[in-house]
Amino acid sequence: MLLSALVEDYQTAHGVPSGPPCPEGVAGEAFTQAVQTCLYRGDESMLPVARALAVLGEPASPALLSELLGDACPSATVGLEAATEAGIVEAGRFRHPRSAVAVLDAMSTHDRTELHDRVAHVLYRHGAAAVAVARHALAARRTEAPWSVPVLREAADQAMEQDDTGMALECLRLAERSRVDVVERAGIHAALLRAKWRLDPTSAERYARELVPVARAGRLRPDLTIMLVKHLMWFGRPAEAMEVLDTIADQDGPDTALAVACVRSRLGFFYPGTAKDGAATAPLPCASTLTGAKGKLRVRTAKLVDAVHRGGITEEAVADAQAILQQYRLDDHTWESIIISLETMVLAECLDEAADWCDGLLQEAADRRVPTWRALLSAMRGRISLRQGNLPEAERYAQAALSLIQPRGSASSSAARSRCCCWPPPAAASSTRRCACSRCRCRTRCSRPRSAFTTCAPGAASTWPGAATRRRSKTSRRAAS
């Protein structure tokens, strides 16, 4: 019956077959009806087994099918054997993908939802991966089980690690619908902020706004608070970032204290006058004395910023930048350090090396489908091309960056653009400074006055006095005309 249906579908699509065998993709309506006919006319256990296999989407043993179907199936073993004899199933899975589609199409929405819900419970009891359980929980759209929210959040974390941001967002949105306390909801919103920022910084900002009062109340974990501070810096809200950072208690441990010191130093540098005087310039430990990878990355990044702040790019700063680019993979925790390292290489006039690193990172960001990383790296690549004197290439990369982030998102992120695209910062740009690195070819000078860099808030790009002069001259010309 199944073979006759395949031949009929082939003839419908291509005419009378001649020569090569019927391809697998030819299965159509006749094959679908043949599968459904076999299941409905066969053993009474065959249809529920086929439905369970179709919803599972993977091979299953008779024991798992029996637990899943319960009283709905007289014998999972008999049903599996019957489906195998009919040629629909082989080794616990459908022989043709169209067979699973045929089974699912014949099921009502209610039946599919109920079966997905039972599959999620069974897989959870069997200790299946969080992502596998979450896929069925998403299909059922139910979060009543006490394990639902933790599993959905774990699945979201796993999906983010695999660069499946869409799956992560689905899990987090379903978890957000459930009844949880303030702390749990804040954790969900922090994860949503992280995931949405990858795709569209503009739409992620609302989660940052919702997390600020929770952080002020001290109900946000220290690591999530630090993440929130970085995003507030990105969105150009330094006062709130400083206020939120001050909520982290000193007794949270040495690792947290180090993270706070590094972020505070960076905040005081990118937004002069925001951080407390002593905190912004406090000495940091040597990276080689730390054992954790995160601690070393934080210290190295903070020292890169500090090197420019205190007097220009040094040999040690270039070495730290190269170490970061060599040792750390692009992810949600390292992207900022990688961008700052690239900018350090640019300021040190190591342009060819910076271009090579940036090209590789751009390809990685494209392969992993993260538009915001691509936008930042495209902007950086354009900056490198500009320094190299290749203006058409610089324009091409700049246009690519602007096409990847909405105009509102890129405007609201002027603080971050100042971080990664508008160096040199205050002290380094206060006069004509040269790089102290002996291995580089630093000839670029900056004659902008120190007062031009007193803020990195939105609109800072136009605070250079020359910009005001240009605006006044434009206004005068328009008035004269």
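A short tour of the structure in this document, coming up. Just so it is clear, the structure is predicted and the values come from calculations on it, not from any experiment.

### Focus on the overall build of the protein
Per the secondary structure count, the protein includes 25 helices and 2 strands. Within the protein, the fraction of its 481 residues that count as buried is 51%. The long-range share in the protein, meaning contacts at least 24 apart out of those at least 6 apart in sequence, stands at 62%. Carbon together with sulfur atoms contributes 51% to the accessible area of the protein, which is approximately 22900 Å² in total.

### Quick notes on empty space enclosed by the protein
Evaluated as defined, the whole model comprises 1 cavity of 30 Å³ or more. Counted as a void, the largest cavity has a volume near 50 Å³. Taken together, Q36, L39, Y40, L47, R51, A102, V103, A106 and M107 make up the full set of residues lining the largest cavity. When contributions to the lining of the largest cavity are tallied by element, the ones reaching two or more residues are α2 (29-41), α3 (46-56) and α6 (97-105). With 3 residues, the top contributor of residues to the lining of the largest cavity is α2. Partitioning the lining of the largest cavity into residue classes produces 7 nonpolar, 1 polar and 1 charged.

### Description of the pattern of salt bridges
Within this structure, the stated rule accounts for 26 salt bridges. D157 is the partner of R194 in a salt bridge, and the nearest nitrogen-oxygen pair spans 3.8 Å. Note that R194 is positioned in helix α11 (residues 182-199) and D157 in helix α9 (residues 148-161), a separation of 37 residues in sequence. For D157, a relative accessible area of 38% puts it in the partly exposed group. A salt bridge links R387 to E349; its shortest N-O distance comes to 2.7 Å. With a gap of 38 residues between them, R387 in helix α21 (residues 371-388) and E349 in the loop between α19 (335-347) and α20 (351-367) connect regions that are remote in the sequence. Residue classification places E349 among the buried residues on the basis of a relative accessible area of 9%. Three or more residues joined by partner-sharing salt bridges are found here, namely D157, D163, R194, R198, R329, D332, E364 and R368.

### What about the layout of surface pockets?
Of the volumes computed, that of the largest pocket is approximately 1000 Å³. Going through the elements one at a time, α9, α11, α13 (222-234), α15 (254-270), α17 (293-310) and α19 are the ones with two or more residues in the lining of the largest pocket. Top contributing element to the lining of the largest pocket by residue count: α13, with 8 residues. Class assignment for the residues of the lining of the largest pocket results in 16 nonpolar, 10 polar and 16 charged.

### Details of α17
Taking 1.5 Å per residue as the helical rise, α17 with its 18 residues ought to reach 26 Å, and the 25 Å between its terminal C-alpha atoms agrees with that figure. Considering only its buried residues, α17 is in contact with α15, α18 (315-327) and α19. Following α17 by one or two positions, G312 adopts a phi angle in the positive range, close to 115°.

### Points about the environment of A239
Here A239 shows up in helix α14 (residues 238-245). Remark: the alpha-carbon pair of A239 and Y271, spanning 32 residues in sequence, is separated by 9.2 Å.

### A short note on the packing of aromatic side chains
By the definition in use, this model includes 4 aromatic pairs. Ring geometry for W234 and W335: centres 6.1 Å apart, planes at 85°, overall edge-to-face. Here W335 lies in helix α19 and W234 lies in helix α13, a separation of 101 residues in the sequence. For the residue pair W234 and W335, the accessibility class agrees, reading buried in each case. Each member of the aromatic cluster is reached from another via a ring pair, and the members are W197, W234 and W335. The ring of Y397 has R396 sitting right over it, with the charged end atom 4.7 Å from the ring centre.

Quick notes on the rules
Residues numbered from 1 in each chain as written. Predicted model: local features only at pLDDT ≥ 70, side-chain atom pairs only at ≥ 80, totals over all residues. Heavy atoms only, no water. Helix = DSSP H or I, 4+ residues; strand = E, 2+ residues; numbered from the N terminus. Buried < 20%, exposed > 50% of the residue type's maximum accessible area, 1.4 Å probe, protein only. Contact = heavy atoms within 4.5 Å. Areas by Shrake-Rupley, 256 points an atom, 1.4 Å probe, with all protein chains shown as cover. 1 Å grid on protein atoms, 1.4 Å probe; cavity = no way out; pocket = protein on both sides within 12 Å on 5 of 7 lines; lining within 4 Å. Points joined across faces, edges and corners; volume = space filled by probe spheres on them. Nonpolar A, V, L, I, M, F, W, Y, C, P; charged D, E, K, R; others polar. Salt bridge = Lys/Arg side-chain N within 4 Å of Asp/Glu carboxyl O. Expected span 1.5 Å × (residues − 1). Phe/Tyr/Trp six-rings, centres within 6.5 Å; stacked < 30°, edge-to-face > 60°. Lys NZ or Arg CZ within 6 Å of the ring centre and 35° of its normal.

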